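Residues per chain are reported as follows:
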Amino acid sequence: MRSLALVLAAASLSLASPAAAFQGGHRDIYHDLHGRDLQLRKRNIVYDGNVADAYDFVVVGGGTAGLAIASRLSEDSNTTVLVLEAGDTGDAVADSINVPLNAYYSGLPGTAYDWQYTTVKQPNANNRALPWPRGKVLGGSSAMNGMYTVRPSKIEVDAWAGLIGGEGSSKWNWDALFANMKDSETFTPPSDEIKAEGNIQYNTASRGSAGPVHATYPGFMVPLVGNWTTTLADIGVAVSSDAYGGEGWGAFIATSSINPANWTRSYSRSAYIDPLPPRPNLAVLPNATVTRLLFDASNKNNLTATGVEWASAAGAAKQTVKVNKEVILAGGAIGSPHVLMLSGVGPADVLQQAGVDVQVDLPGVGQHLQDHISTQVVWKTSAQTAGSLRAQNLASSNGNGAGGSPAFNSFINSATSYVNITDLLGPDFAPQFKQQVADALASSVDSLVPSSSAEVKKGYEAIYNATLNTLLGSPVGQVEILLSLTGGQVGGQNTLAIQAALQHPFSHGRIALASADPFTPPLIDPQYLSHNADVVLLREGLKLARKIGGTAPLSASIGDEVSPGSSVQSDDDWDKWLAGQIGTEYHPSCSCAMLPKEQGGVVDENLKVYGLANVRVADASVFPIQFSAHLQAPVYGLAEQAAKIIRATYNGVGWPSANGSSSAATSSTAAGSAPSQTGGAQHDTSAAAPSVRLVGGSVALTIVGVVASLLL
């Protein structure tokens, strides 16, 4: 599946050869074919390990959100910013990252560029421990993902805002997030040929025009894609003419994070960092794993982070960088709660069991974990697919490189559909199903919440009710249906697959400490399929996928079913089969949920961690509900809004209005400070020195910890 693209191996379409490290320097230096350092990519990235003793903002993790936030904060010339990224630069595998099609064929799960996480054994998934790959590289998972650029719907985002209430409802409602998602992107329409070939519909008014991240359609389109929306319409699924303006449901051809100037991946490093001119107030340090945050505990009710401890590797000497203002955690659904718990902030019982001293008993840290799960129906096909065409290109090039033009190698699966419960269950059973889910609330709170905390249980109930009453009966998709034309392990290259992915799970899990050792991975338990509603929805999604495969015009290109095959027919057959097949769609979220503290919340509407004076979390972990979307686009929007909130706190620029816009941000962009393909100047705010508040005789610091981001 398209989201299987992970850290990519070197080679294929060789843009540059990998280079060995030099003694005393960074092991992942990037050279051109003649061995010369490419200075452009090195600007603002620290290759020799030397950083200052203190920074205003320390961003823990250089992933999807982290690099975006660091870039925006460093637009203010009176602000110093350090990014600590556990992974390497990615320079040595630049070809694998940059060539979109390599995502399917040259991905390297299990390499040094992958955190190599694994869940605990899942009882409802045939007791399997399932891989959870995450990007451990500058750019985080945006450097390795399947590049889908899909936004959530207004109904979902406003449901999030409703869970916060008060002032937060205007900061995080649809209008605010929509404006910030547009700020993050530059949309380029497809060529007339690609538009016709893929039967693509879009509305430029819903897209961004001046943001750092490129969004467009591939430069090559497999003809089968053009049959997608017509086929879905023939079975009654609505076709969307504008999936990006707040109604992200129905069938459409999605955009991807691709730069059409050279048909390469557009990700947080290439978008927000590489185009910048040298900034003396910005440092990005790879190979720096944060081990914990250090606090001034003089005010026990509101601890101030004074430093960030980090190490280059397990067993290496630990170093500390001082924090003048804030730490921003943006490590995603795994990294952010892990750092908090290593620092003594989290559920007291979890911390004590791991041998970590409790600084702040915050039961919601690591809780409310949600993920999209998926599997697929596979058929033989005699039609052209990206997999079969690539095989032909490889054969014609004698296996030397990926084969094909840059435009061909930009092909990415993009035909998708978000289907609601009426599409899945029919108009008669859908209301009955919703009532069954409502009836199961009390028993679900009692038996499925992996915490004894009454606060966390109240939060599960609030999320459950929002999902049930606002989302489940709405037009919003409950299952994503995707067309895959890249071949795979099942059936080989001459196959196509239709995948089904659950979007709003009622099964919630948790992240917990396995050890006080920061280099020991945390325990990951998503509790897949623990709620029966998830089983029903995914099963019906797979049955719909099979139905789509039998519907014209797509059916004309489909042969025998390879998997699961004709032996799977009854609901019981499907349930048994999918338990052995499901895996992650690589969209974990919600483990540092933005909820009231009395509902197991971790951050408030300003992203500040409860009980900490100057630590924020800004990544997918703060979403309290899963979105019916791939998470990359909303995470970029979140990062843009986070930067505005933080800059307003200290420099009076960037403060979001009710609709998420900012006159200060606009003028800053006009001055050239926003990241672009050509970089930009900084916004001089030296005349507006930030106010400093003293707590217990020390400077109140806000540590912004940004950890490697997620596969989106």
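What you see is a predicted model, and the numbers here were worked out from it, not measured in a lab.

## Some details on helix α17 (residues 532-549)
With 18 residues, α17 extends 26 Å from end C-alpha to end C-alpha; this agrees with the ideal 26 Å at 1.5 Å per step. Of all 18 residues in α17, 15 are buried; the element is thus mostly enclosed.

## Some remarks on the nonpolar core
With 190 residues, the main nonpolar core has Leu84, Trp160, Trp228, Val308, Leu340 and Val609 as its most contacted residues. Beyond its immediate sequence surroundings of up to four residues, Trp160 is in contact with Trp172, Leu177, Met594, Phe623, Pro624, Ile625, Phe627 and Leu638. Val93, Ile97, Val137 and Met144 belong to the second-largest nonpolar core, a separate cluster that totals 8 residues.

## Some words on the packing of helix α5 (residues 154-164) against helix α16 (residues 454-472)
Running from amino to carboxyl end, α5 crosses α16 at an angle of 145°, the nearest separation of the two axes being 11 Å. Crossing of α5 against α16: the hand is right-handed. On α16, the residues that touch Ile155, Glu156, Ala159 and Leu163 of α5 are Ala462, Ala466, Thr470 and Leu471. The residue inventory of the contact of α5 with α16, partitioned by class, reads 6 nonpolar, 1 polar and 1 charged.

## Here's the deal with the pattern of salt bridges
According to the stated counting rule, one finds 21 salt bridges in the structure shown. Glu455 is the salt-bridge partner of Lys597, the closest N and O atoms lying 4.0 Å from each other. Placement of Lys597 in the loop between β25 (583-584) and β26 (615-617) and of Glu455 in helix α16 is noted, with a sequence separation of 142 residues between them. On the accessibility criterion, Lys597 (32% relative accessible area) is partly exposed. Note that Glu561 is salt-bridged to Arg546, the shortest N-O span being 2.7 Å. Of this pair, Glu561 sits in strand β24 (residues 561-563) while Arg546 sits in helix α17, and the two are 15 residues apart along the sequence. Its relative accessible area of 23% is what places Glu561 among the partly exposed residues. Each of Arg72, Glu75, Asp76, Glu640 and Arg647 takes part in salt bridges that share partners, so that together they form one network.

## Observations regarding helix α7 (residues 174-184)
For α7, a buried count of 8 out of 11 residues is recorded, marking the element as mostly surrounded by other parts of the structure. Along α7, the residues classified as buried are Trp174, Ala176, Leu177, Phe178, Ala179, Asn180, Met181 and Ser184. Check the buried side of α7 and you find it contacts α5, α6 (168-171), β6 (185-187), β7 (213-215), α10 (268-273) and α19 (632-651). One side-chain oxygen at the N-terminal end of α7 lies 3.3 Å from the backbone nitrogen of Asp175; it belongs to Asn173.

## Structural notes on the packing of aromatic side chains
Tallied over the entire structure, the rule returns 19 aromatic pairs. Seen in terms of ring centroids, Phe220 and Phe408 are 5.0 Å apart; in terms of plane orientation they differ by 70°. Their pairing is edge-to-face. One end of the pair, Phe220, is in the loop between β7 and α9 (228-234); the other, Phe408, is in the loop between α13 (386-396) and β19 (415-419), and 188 residues separate them in sequence. Accessibility expressed as a relative area gives 7% for Phe408, which makes it buried. Ring pairing ties together the aromatic residues Trp160, Trp172, Phe623 and Phe627, which thus form one cluster. When the ring centre of Trp115 is taken as origin, the NZ or CZ atom of Lys136, which lies over that ring, is 4.6 Å away. The lysine or arginine in question, Arg207, covers the ring of Tyr244, its NZ or CZ lying 3.8 Å from the ring centre.

## Focus on the pairing of strand β18 (residues 373-380)
For a regular strand, side chains alternate in direction, first toward one face of the sheet and then toward the other. For β18, a buried count of 6 out of 8 residues is recorded, marking the element as mostly surrounded by other parts of the structure. Pairing geometry for β18 and β25, over 2 bridges, is antiparallel. Paired with Ile373 across the bridge in β25 is Thr584. Sheet analysis places β18 next to strand β21 (residues 495-502), joined by 7 bridges and oriented antiparallel.

## Side note on the confidence of the model for the protein
Chain-level statistics for the protein give a pLDDT mean of 87 and a share of 84% at 70 or above. Overall, residues 1-38 carries pLDDT values under 50, and its contacts beyond four positions in sequence, including any with other chains, amount to 117 contacts. Note on residues 686-712: pLDDT is under 50 here. Beyond four places in sequence and across chains, it has 152 contacts.

## Some thoughts on the environment of Asp76
Note that Asp76 resides in the loop between α2 (64-73) and β2 (81-84). Residue Asp76 is classed as buried on the basis of its relative accessible area of 1%. Along the chain, Asp76 and Arg647 lie 571 residues apart, while their C-alpha atoms are 8.2 Å from each other.

Cut-off values and rules
- Residues numbered from 1 in each chain as written.
- Predicted model: local features only at pLDDT ≥ 70, side-chain atom pairs only at ≥ 80, totals over all residues.
- Heavy atoms only, no water.
- Helix = DSSP H or I, 4+ residues; strand = E, 2+ residues; numbered from the N terminus.
- Expected span 1.5 Å × (residues − 1).
- Buried < 20%, exposed > 50% of the residue type's maximum accessible area, 1.4 Å probe, protein only.
- Core = buried A, V, L, I, M, F, W, Y, C linked by side-chain atoms within 4.5 Å.
- Contact = heavy atoms within 4.5 Å.
- Axes fitted to C-alpha atoms, helices over the stretch in contact; angles between N-to-C directions.
- Left-handed = near helix turned anticlockwise from the far one by under 90°.
- Nonpolar A, V, L, I, M, F, W, Y, C, P; charged D, E, K, R; others polar.
- Salt bridge = Lys/Arg side-chain N within 4 Å of Asp/Glu carboxyl O.
- Polar contact = N/O pair within 3.5 Å; in protein donor to acceptor, adjacent residues only side chain to side chain.
- Phe/Tyr/Trp six-rings, centres within 6.5 Å; stacked < 30°, edge-to-face > 60°.
- Lys NZ or Arg CZ within 6 Å of the ring centre and 35° of its normal.
- Pairing = 2+ DSSP bridges.
- pLDDT = per-residue confidence, 0-100.

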